[in-house]
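Each chain, written out:
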Amino acid sequence: MYIYSYITGSQDVVADIDLLEKHKVTHILNLGTYVKNYFPSKIKYHNVKINDFCDQEVLKYFDLAFKFIDEGLAQGCVVIHCNAGVSRASTFMIGYLMNRERMPLDNAFNFVKSKRPVIKPNTGFLQQLRTYNKELGLKECRM
């Protein structure tokens, strides 16, 4: 069983301080385009400036983002968001599960989709996750 203290979602979630406080959010991984850090005096932020384009390289951002998520999980709850909570946020969450939990891509994708059914990493991000799956030496995936 996997129990995590994180939320993935859209930019709307991170603008709602009542919701963030209710879930004891201490860290926000901001992958959104033109989404500000709303509460920097209360919450720690890490920003990754990437666009939701198929040719956008994401793997090079994983190490720092995953360290940030680890730090946040040690202190409270982490929100991972982009603009719609569909492609970028899900890509980073899937990559995190692959790396930290050694989940093959298929399993990580299905787990995140079970929590947020609208996820759909773009084709370029999905191809990079396939490459990452191989780099990590995880079970071959069918995706």
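From a predicted model like this one, the values you see are computed outputs, not experimental measurements.

### Description of the nonpolar core
Of all hydrophobic cores here, the largest spans 34 residues; its most connected members are Leu 29, Ile 80, Phe 92, Ile 94 and Met 98. Counting only elements with at least two residues in this core, the list comes to helix H2 (59–75), strand S4 (77–81), helix H3 (88–101), helix H4 (105–115) and helix H5 (123–135). No other element matches the seven residues that H3 contributes to this core. Among residues more than four places away in sequence, those in contact with Ile 94 are Leu 105, Ala 108, Phe 109, Val 112, Ile 119, Pro 121 and Leu 129.

### Focus on the packing of aromatic side chains
All told, the structure shown has five aromatic pairs when counted by the stated rule. A centroid spacing of 5.5 Å and a plane angle of 80° characterise the contact between Phe 66 and Tyr 96, whose relative ring orientation is edge-to-face. Of this pair, Phe 66 sits in helix H2 while Tyr 96 sits in helix H3, placing them 30 residues apart in sequence. Both residues of the pair, Phe 66 and Tyr 96, belong to the buried class. Taken together, the ring pairs connect Phe 62, Phe 66, Phe 92, Tyr 96 and Tyr 132 into an aromatic cluster.

What counts and what doesn't
Residues numbered from 1 in each chain as written. Predicted model: local features only at pLDDT ≥ 70, side-chain atom pairs only at ≥ 80, totals over all residues. Heavy atoms only, no water. Core = buried A, V, L, I, M, F, W, Y, C linked by side-chain atoms within 4.5 Å. Buried < 20%, exposed > 50% of the residue type's maximum accessible area, 1.4 Å probe, protein only. Helix = DSSP H or I, 4+ residues; strand = E, 2+ residues; numbered from the N terminus. Contact = heavy atoms within 4.5 Å. Phe/Tyr/Trp six-rings, centres within 6.5 Å; stacked < 30°, edge-to-face > 60°.

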